[in-house]
Amino acid sequence: HNVVYVATENDSVYAFDADQTSAVAPLWKTSFLTSSSVTPVPAGDVFTRYANHDIDPQVGITSTPVIDTSTNTIYVVAMTKENGSQYVQRLHALDVTTGLEKPGSPIIIQASVPGNGYDNSGGRITFNPKTEDQRPALLLANGVVYISWASFGDTDPYHGWLIGYSYT
């Protein structure tokens, strides 16, 4: 198949046959909303100081995924709200032919660095999955998936992050 992949703010990824000329069911669909306690993040949760929500009504998968053609893997970052108050961002590695998670996937995104930013704790700044907007497309280079983040609505609190993950 020639395939077009679609990632949504509703935390789902679809694969469609790109040669179809009429509406057909997807080849596969993967949803990261694994239970009733896992939802996309309501826009109002992250746009706390910015009246105009450029992502609305919810935040799920915002960035463009990347495909590793040598391993038939599509990488995607999904943001979820879990158990009513926990925010999580995960890097998923999906098989491009089935949409199933590859072994070892997903990975919860976590990081911290030394720093004296406004929200440091003991001289360390920790990645905050609620306030970091993962909008730029993912990049795959030399087996490393690079992910970057900025702010929601160009307002604090946030820190710019660039993190590389090696799936292997």
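About the criteria used
Residues numbered from 1 in each chain as written. Predicted model: local features only at pLDDT ≥ 70, side-chain atom pairs only at ≥ 80, totals over all residues. Heavy atoms only, no water. Helix = DSSP H or I, 4+ residues; strand = E, 2+ residues; numbered from the N terminus. Rg over C-alpha atoms; globule rule 2.2 N^0.38 Å. Buried < 20%, exposed > 50% of the residue type's maximum accessible area, 1.4 Å probe, protein only. Contact = heavy atoms within 4.5 Å. Areas by Shrake-Rupley, 256 points an atom, 1.4 Å probe, with all protein chains shown as cover. Lys, Arg positive; Asp, Glu negative; His and termini not counted. Charge placed at Lys NZ, Arg CZ, Asp CG, Glu CD. Patch = residues over 30% accessible without salt bridge, like charges linked within 9 Å, V, L, I, M, F, W, Y side chains within 5 Å. Salt bridge = Lys/Arg side-chain N within 4 Å of Asp/Glu carboxyl O. Pairing = 2+ DSSP bridges. Axes fitted to C-alpha atoms, helices over the stretch in contact; angles between N-to-C directions. Core = buried A, V, L, I, M, F, W, Y, C linked by side-chain atoms within 4.5 Å. Phe/Tyr/Trp six-rings, centres within 6.5 Å; stacked < 30°, edge-to-face > 60°.

S.K.: What exactly am I supposed to notice about the overall build of the chain here?
M.R.: The helix and strand inventory of the chain stands at 1 helix and 15 strands. Relative to the 2.2 N^0.38 estimate, which gives 15 Å for 168 residues, the radius of gyration of the chain is 17 Å and therefore close to what a compact globule would have. In terms of its C-alpha atoms, the chain occupies a principal-axis envelope of roughly 55 × 35 × 25 Å. Out of the 168 residues belonging to the chain, those deemed buried represent 40%. Looking at the chain alone, contacts between residues at least 24 apart form 44% of all its contacts between residues at least 6 apart. Carbon and sulfur atoms make up 50% of the accessible area of the chain, which amounts to about 8800 Å² in all. Positive and negative charge centroids in the chain, built from 8 and 16 side chains respectively, lie 7 Å apart.

S.K.: Where do I start with unusual backbone geometry in this structure?
M.R.: Cis peptide bonds are those with omega within 30 degrees of zero, and the linkage from D56 to P57 qualifies with 15°. With respect to the helices and strands, P57 occurs in the loop between α1 (43-46) and β6 (58-59). Here S105 and P106 are connected by a cis peptide whose omega angle stands at 5°. Among the structural elements, P106 can be located in the loop between β9 (86-95) and β10 (107-108).

S.K.: Could you clarify how one ought to interpret a nonpolar patch on the surface in this entry?
M.R.: A cluster of nonpolar residues, L139, Y146 and L162, forms a patch on the protein surface that exposes about 300 Å² of accessible area. Mapped onto the elements of the fold, Y146 is located in strand β14 (residues 144-149). With a relative accessible area of 31%, Y146 lands in the partly exposed category.

S.K.: Is there a simple way to explain the sheet that holds strand β13 (residues 139-141) in this structure?
M.R.: Sheet strands pair by backbone hydrogen bonding; their relative direction is either parallel or antiparallel. Read across the sheet, 3 strands follow the order β13-β14-β15 without closing on themselves; strand pairing throughout is antiparallel. The sheet is open, and its two borders are formed by β13 and β15 (161-166), each paired with just one other strand. Sheet twist, expressed as the mean angle between neighbouring strand axes with direction ignored, is 25°. With 6 bridges connecting them, β14 and β15 associate as antiparallel partners. When the bridges of β15 are listed, I147 appears paired with I163.

S.K.: Explain the nonpolar core to me, please; I cannot follow it from the model alone.
M.R.: The tendency in soluble globular proteins is for nonpolar side chains to be buried side by side. One finds Y75, L91, I109, L138, V145, I147 and W149 to be the most contacted residues of the largest nonpolar core, which totals 15 residues. When contributions to this core are tallied by element, the ones reaching two or more residues are β8 (73-82), β9, β14 and β15. Look past the residues within four positions of L138 in its chain and what remains in contact with it is S63, T64, P65, V66, Y75, V76, V77, L91, V145, Y146 and I147. In this structure, A15, I74, L94 and V96 belong to the second largest nonpolar core, which totals 10 residues.

S.K.: Mind showing me how you'd approach the packing of aromatic side chains here?
M.R.: Note on aromatic pairs: each is described by the distance of the centres and the angle between the planes. This structure, assessed with the given rule, holds 4 aromatic pairs. Taking 6.0 Å as the distance between ring centres and 45° as the angle between the ring planes, the aromatic pair formed by Y5 and W28 counts as tilted. Here the residue Y5 occupies a position in strand β1 (residues 3-7), and W28 occupies one in strand β3 (residues 28-31), the gap between them amounting to 23 residues. With relative accessibility at 25%, the residue Y5 sits in the partly exposed group. Of the residues examined, W28 reaches a relative accessible area of 7% and is grouped as buried. Where F127 meets W149, the ring centres are 4.9 Å apart and the plane angle is 70°; that geometry is what we call edge-to-face. A residue pair is termed long-range when its members are at least 10 positions apart, and F127 in the loop between β12 (124-126) and β13 and W149 in strand β14 qualify at 22 residues. On the basis of relative accessibility, which here comes to 5%, the residue F127 falls in the buried class. Following the ring pairs from residue to residue traces out a cluster consisting of F127, W149 and W161.

Function-wise, these values are silent; they only describe arrangement.
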